[in-house]
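This is what each chain is made of:
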Protein chains: 2
Amino acid sequence: MNALIPDSSFPRVLIIGGGFAGINLARSLQNKPFQVVLVDKHNYHTFQPLLYQVATGGLEPDAIAYPLRKMFDRHKGLIFRIAEVNTIHPEKKCVTTNIGNIRYDHLVIAAGSQTNFFGNEGLSQLAQGMKSVPEALDLRSLILQNFEEAHQLEEETDIDRIMDFVVVGGGPTGVETAGALAELRKHILPKDYPELDFDMMDIHLIEAGPRILRSMSEKSSEDAFKALEKMGIHVHLETRVTSFDGTTIKTNSDLEIKANTVIWAAGIKAVNFEGLEKAVIERGGRYKVDAFNRLEGYEDVFVIGDTAISFEDPQFPDGHPQVAQTAIQMGKVLGKNLIRMQQGAEMKPFRYADKGSMATIGRNKAVLDLGKLHLGGFIAWMGWMFVHILNLIGFRNKAVVFVNWVWNYFTYDKGNRLIIRPFKRKEWGKVEG
Amino acid sequence: MNALIPDSSFPRVLIIGGGFAGINLARSLQNKPFQVVLVDKHNYHTFQPLLYQVATGGLEPDAIAYPLRKMFDRHKGLIFRIAEVNTIHPEKKCVTTNIGNIRYDHLVIAAGSQTNFFGNEGLSQLAQGMKSVPEALDLRSLILQNFEEAHQLEEETDIDRIMDFVVVGGGPTGVETAGALAELRKHILPKDYPELDFDMMDIHLIEAGPRILRSMSEKSSEDAFKALEKMGIHVHLETRVTSFDGTTIKTNSDLEIKANTVIWAAGIKAVNFEGLEKAVIERGGRYKVDAFNRLEGYEDVFVIGDTAISFEDPQFPDGHPQVAQTAIQMGKVLGKNLIRMQQGAEMKPFRYADKGSMATIGRNKAVLDLGKLHLGGFIAWMGWMFVHILNLIGFRNKAVVFVNWVWNYFTYDKGNRLIIRPFKRKEWGKVEG
């Protein structure tokens, strides 16, 4: 069965994924002699860097997600479909999806990455990922339901366990989530739950490496570490989670934590598809591409964003960091290269321009690296907010996030505490809303 | 098993339901010598009059729902629990819930109403209700998914059927939903779905009685009817839906409509509980109460809001209208009466003060009755918005709704078009988000 997609006189670029890479590629092909077909399993683009704020009640999904059709409503000829791709058939130049086959002239895989539990069955069943809007909303419900349920427990050890949170992974997402939980504990939860004793609520952050925020400077790592400890978060370095059975987290050290909730921000793996040679898959499931993001050994298949790895950039011989900036830049450069290719001009190799990195820790606290410049505290925090608002798609989303943050800042409150997706831990099965 | 609820030295008022009736009762008992225990199956209060705007993408849930714990965080001694009540044991003065038994000194049933399909099995399986936030979000996903799916259909009759909507029930909810669908058709959907022909999108409103907005004046009914027809909505009066099989709606006349989506706003029934005599149940499942909202034949059980019916108000010999104002006023009056009762004073009978009624139809169009005054058009529309914003709980919600409406008005856009709860029609089973 073929999906019903009208042909045009232009060669078709089929883009899998409406993340940062996919939308930037699509934009750069607007008004160019290509027919762009974009597929995604959701009808919206997600601004992933702020997902943790949806999970912790600071923002509603509409603030950080943007309908893909609306994004491209002036891009005449772009065709969008909600579809999940299963198999790629490079020899037939088509892909198989749940809505039928879609042919292509040039295929671009921009499918992003998903939570990586490194094959640990127990963790993948019981720990909470945070890579999509539905996952973030589930986590929000779970956090709130823990405190509701705590009222029905008699044993102090049970209450203690349901009020504790373990965040695994000391990258920006893990640090930001742990920080947001500490803010909830300090300013919001005690007002909502006066019957509970919040001295019992422990927050742990577990990192396998020797420091948190590994991708940032040592100074920023250290600043962030100190800030988290000051907020009462237990940070465990050089510690690897080995198992979680729903009540106890075991690690490779003698650290053992009793807690019901594990938030997993410890790793990602690229989304893969059937039909491509296994040999092109590198570490983390990433597809190996050349300097032009062309998939190794395939003529008309390109890969951009988290899903790709290139060893051709002299500045980044081990591959680029899997962050939004890489995806954005790859999308834009590939767009230009496809246009060059069509004009018979030579393509230009991708070179990543590092625009710095940052992470927020809590109210008035963030860390920011920009080349040799390291900022912390209030200025870094303002910088973090400014950059994130600037990068959101659409004026409405920028305004909604800005107003929410101003509101939350001055009221010490977060308005979004509705349990809309009642969530039972995975072993109990999900409950219908 | 008993739910863990600490006792106080004051007599306990147990309120079932955090709707308009329940929250107004709880508020009027603040700082009075009662221990108030409030239970609800959600952790938030829903402003039901605006649910249709959540369903049609105009508002996010956080704009019209308000966390109950936050509402009462200054009400010392009020205890809130998420719980579903199954059985009432008047002889033991306790109720059985999913979190255990809860004893009471005074029980107040304020459980509201639910969608009434009048026993029609097919309709209850296949038609969409709109009485809760999850239902409204499901409906929003369903509306958007219809247009996504339309792209995958080849037969024109199939496309036509998936683009058509039938709203059953000509009360305010039905009228407002049909109007909002017409606004979507006019201003928003054609931009999002340029491949579809929106002349194929038919909107039907079916009403069993001789006029829509039956509870309002004949002038308002007529104005609303004309406005809906002008917006291209097919209004069918004196027509009763007899069956729906997922593709065809049959009625008691020769009207037969081919459509996949039926939105049911044609009736409500009160929520009932096990353990009470069947004799106290009147039409619509409503519990018969005396002039003080005391359940007939029970000493310590009161009923307020949609769940109650009283024949003791001389102005309303057939019972009061099941609207927000009735619930609000009953909650407040019962609060005062419980205080009087405790002081040994005489209770005062409930008298309903009609504050008028209104319904919005679309952009710049509404109807409003206030005694002998009937307003229509832009002034009524401004009045409708003003009253609804005024009645929302909390400054944040008022501000969010106001800003959204101003935004939607001037941009001819509605921002909330994310399919967050992927929804398959009921026969296909729900899909996990």
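Below: a short report on this structure. Small disclaimer: the values here were computed from a predicted structure and weren't measured. (Residues numbered from 1 in each chain as written. Chains lettered and ligands numbered in written order. Predicted model: local features only at pLDDT ≥ 70, side-chain atom pairs only at ≥ 80, totals over all residues. Heavy atoms only, no water.)

**Here we look at the packing of aromatic side chains**
Residue and element names in this part refer to chain A. Cut-off, in case you're wondering: Within 6.5 Å between ring centres, the rings of Phe, Tyr and Trp (the latter by its six-membered ring) count as paired, and their orientation is classed by plane angle as stacked under 30 degrees, edge-to-face over 60, tilted in between. Charges are assigned to positions over rings by a cutoff of 6 Å between ring centre and Lys NZ or Arg CZ, combined with an angular limit of 35 degrees from the ring normal.
Enumeration according to the criterion identifies 22 aromatic pairs over all chains in this entry. Site record: aromatic cluster; members linked through ring pairs are F147, F165, Y193 and F198. Across from the ring centre of Y409, 4.2 Å away, lies the NZ or CZ of R363, which sits over that ring.

**Focus on the environment of T46 of chain A**
All names here are of chain A. Inclusion rule: A run of DSSP states H or I qualifies as a helix once it reaches four residues; a run of E qualifies as a strand once it reaches two. Both are numbered from the N-terminal end. Summary of the burial criterion: residues with accessible area below 20% of their type's maximum are buried, those above 50% are exposed, and those between are partly exposed, where the area comes from a 1.4 Å probe applied to protein chains only. Here a residue-residue contact requires only that any non-hydrogen atoms of the pair lie within 4.5 Å.
Looking at where T46 falls in the secondary structure, it is placed in strand β3 (residues 44–46). On the accessibility criterion, T46 (13% relative accessible area) is buried. Once the C-alpha coordinates of T46 and R283 are considered, the two residues, 237 residues apart in sequence, prove to be 25 Å apart. If we ignore the near neighbours within four places in the chain, the residues touching T46 are L51, I64, A65 and V133.

**A short note on helix α12 (residues 395–411) of chain A**
Residue and element names in this part refer to chain A. Stated formally: Expected span of a helix: the number of residues minus one, times 1.5 Å. Directions pointing from the helix axis toward each C-beta atom define the arc.
When the terminal C-alpha atoms of α12 are compared, their 24 Å separation across 17 residues agrees well with the 24 Å that a helix rising 1.5 Å per residue should span. If you check which residues of α12 are buried, you get R396, N397, V401, N404, W405 and N408. Seen from one end, α12 has its buried residues packed into an arc of 155 degrees, which puts them on one side. Turned more than 90 degrees away from the buried face of α12 sit F395, V403 and F410, all of them exposed.

**Topic: the sheet that holds strand β22 (residues 357–362) of chain A**
Residue and element names in this part refer to chain A. Short version of the rule: Any two strands between which DSSP finds at least two bridges are classified as paired. Structural elements are reduced to axes, namely lines fitted to C-alpha atoms, with helices fitted over the stretch in contact, and the angle between N-to-C directions of any two is expressed from 0 to 180 degrees.
If you walk across this open sheet you meet the 3 strands as β22-β23-β24, and the pairing is antiparallel. On the outer flanks of this sheet lie β22 and β24 (373–376), each paired with one strand and no other. For this sheet, the mean angle separating the axes of adjacent strands, direction not counted, is 10 degrees. Relative to strand β23 (residues 365–370), helix α9 (residues 218–230) is tilted by about 175 degrees, and along the sheet it contacts β22, β23 and β24. Helix α11 (residues 377–391) contacts β22, β23 and β24 of the sheet and is inclined by roughly 75 degrees relative to β23.

**Let's talk about the interface of chain B and chain A**
Rule in force here: Buried surface area refers to the total accessible area, computed with a probe of radius 1.4 Å, that the two partners give up upon joining, counted for both partners together. Note on definitions: salt bridges are taken to be side-chain nitrogens of Lys or Arg within 4 Å of carboxyl oxygens of Asp or Glu. In protein, a polar contact means a hydrogen-donor-capable atom and an acceptor-capable atom, both N or O and within 3.5 Å, with residues adjacent in sequence counting only if both atoms are side-chain atoms; elsewhere, any N or O pair within 3.5 Å suffices.
On the chain A side, the residues contacting the 48 residues of chain B number 48 residues. Buried surface at the junction of chain B and chain A, summed over both partners, amounts to about 4300 Å²; 52% is from carbon and sulfur atoms. At the boundary of chain B and chain A, one finds 4 salt bridges. A salt bridge links E148 of chain A to R69 of chain B, with the shortest nitrogen-to-oxygen separation between them at 2.8 Å. Put simply, chain B and chain A have 14 residue pairs in polar contact (both at pLDDT 80 or more) between them.

**Digging into the relation of the copies chain B and chain A**
So the rule is basically this: Superposition of the copies used a least-squares fit over C-alpha atoms from residues whose pLDDT is at least 70 in both.
With an RMSD of 0.0 Å, the fit of chain B onto chain A corresponds to turning through 180 degrees and sliding 0.0 Å along the axis. Taken together, the rotation and translation describe the operation of a two-fold axis. When each C-alpha of chain B is compared by its distance to the rotation axis, E60 of chain B comes out closest, at 4.0 Å. Both copies contact each other with a shared surface, as 100% of the interface residues of chain B are interface residues in chain A too.

**So, the side chain of S220 of chain B**
Residues and elements named next belong to chain B. Position of S220 among the secondary structure elements: in helix α9 (residues 218–230). Side-chain polar atoms of S220 contact the side chain of S217, separated by 3.1 Å. The contacts of S220, once residues within four sequence positions are left out, are L213, V367, L368, D369 and H374.

**Notes on helix α1 (residues 20–28) of chain A**
Residues that lie three or four places apart on an α-helix share one face, since the helix turns once every 3.6 residues. All names here are of chain A. Extensive coverage of α1 is indicated by the burial of 7 of its 9 residues. Within α1, burial applies to F20, A21, G22, I23, N24, L25 and A26. Next to the buried residues of α1 lie β1 (12–16), β2 (35–40), β3, α4 (68–71), β9 (106–109) and α10 (324–342).

**A few points about the packing of helix α11 (residues 377–391) of chain B against helix α12 (residues 395–411) of chain B**
Residues and elements named next belong to chain B. Rules: Our angle categories are set so that under 35 degrees counts as roughly parallel, over 145 as roughly antiparallel, 65 to 115 as roughly perpendicular, and the remainder as oblique. Side-chain classes are defined by residue name, with Ala, Val, Leu, Ile, Met, Phe, Trp, Tyr, Cys and Pro counting as nonpolar, Asp, Glu, Lys and Arg as charged, and the others, Gly among them, as polar.
With their axes 9 Å apart at the nearest point, α11 and α12 run at an angle of 150 degrees to one another. The angle between α11 and α12 places the two elements in the roughly antiparallel class. Touching F378, W381, W384, M385, H388, I389 and L390 of α11 are K398, V401, F402, W405 and Y409, all from α12. The residue inventory of the contact of α11 with α12, partitioned by class, reads 10 nonpolar, 1 polar and 1 charged.

**Details of the sheet that holds strand β15 (residues 248–251) of chain A**
Residue and element names in this part refer to chain A. Taken together, the 3 strands give an open sheet; going across it, the order is β14-β15-β16, and neighbouring strands pair in antiparallel fashion. Both edges of this open sheet fall to β14 (241–244) and β16 (256–258), since each of them pairs with a single strand only. Put simply, the sheet's adjacent strands are angled 15 degrees from each other on average, direction ignored. With 3 bridges joining them, β15 and β16 adopt antiparallel strand pairing.

**Description of the pattern of salt bridges**
Residues and elements named next belong to chain B. One pass over the full model with this rule turns up 31 salt bridges over all chains. In this structure, R103 and D7 form a salt bridge, with 2.7 Å as the shortest nitrogen-oxygen distance. Of this pair, R103 sits in strand β8 (residues 100–103) while D7 sits in the segment before β1 (12–16); the two residues are 96 residues apart in sequence, bridging distant segments of the chain. The exposure class assigned to R103 is partly exposed, which follows from its relative accessible area of 32%. Judged by its relative accessible area of 54%, D7 falls in the exposed class. A salt bridge links E296 to K288; its shortest N-O distance comes to 3.1 Å.

**A short note on the side chain of R286 of chain A**
Residues and elements named next belong to chain A. We apply this condition: Neither His nor the chain termini are counted; the positive set is Lys and Arg, and the negative set is Asp and Glu.
Among the secondary structure elements, R286 is positioned in the loop between β18 (268–270) and β19 (287–289). One buried charged residue, R286, forms no salt bridge at all, with the nearest opposite charge on D306 at 6.8 Å. Only 3.0 Å separates the side chain of R286 from the backbone oxygen of A308, close enough to count as a polar contact. When neighbours within four sequence positions are excluded, R286 is seen to be in contact with A270, V280, I281, D306, T307, A308, I309, H320 and Q322.

**Regarding a nonpolar patch on the surface**
This is how the line gets drawn: Within the patch definition used here, like charges are joined within 9 Å and nonpolar side chains (Val, Leu, Ile, Met, Phe, Trp, Tyr) within 5 Å, considering only residues with over 30% relative accessible area and no salt bridge. To be clear on the numbers: accessible area is Shrake-Rupley with a 1.4 Å probe, and residue cover counts the displayed protein chains and nothing else.
Where nonpolar side chains cluster on the molecular surface, the patch consists of F402, V403, V406 and F410 of chain A and spans about 420 Å² of accessible area. As for its placement among the helices and strands, V406 of chain A is situated in helix α12.

**Some words on unusual backbone geometry**
For F118 of chain A, which is not glycine, the phi dihedral falls at a positive 50 degrees. Its location among the elements puts F118 of chain A in the loop between β10 (113–115) and α5 (121–126).

**Focus on the environment of I15 of chain B**
Residues and elements named next belong to chain B. Take I15: it is sitting in strand β1. Relative accessible area serves as the criterion here: at 0%, I15 is assigned to the buried category. In this structure, the C-alpha to C-alpha distance between I15 and A111, residues 96 residues apart in sequence, is 8.7 Å.

**Thoughts on a positive patch on the surface**
Test applied: In this description, the location of a charge corresponds to atom NZ of lysine, CZ of arginine, CG of aspartate or CD of glutamate.
Positive charge collects at one region of the surface, where R27, K332, K336, K348 and K355 of chain A lie side by side. Position of K348 of chain A relative to the elements: it lies in the loop between α10 and β22.

**Examining the pairing of strand β22 (residues 357–362) of chain B**
Residue and element names in this part refer to chain B. The buried fraction of β22 amounts to 5 of the 6 residues, a majority that puts the element mostly inside the structure. Pairing analysis gives 5 bridges linking β22 to strand β23 (residues 365–370), with the strands arranged antiparallel. Note on β23: the bridge partner recorded for T360 is A366. Hairpin connection between β22 and β23: a loop of 2 residues separates the two successive antiparallel strands, and N364 in this loop has a positive phi of roughly 65 degrees.

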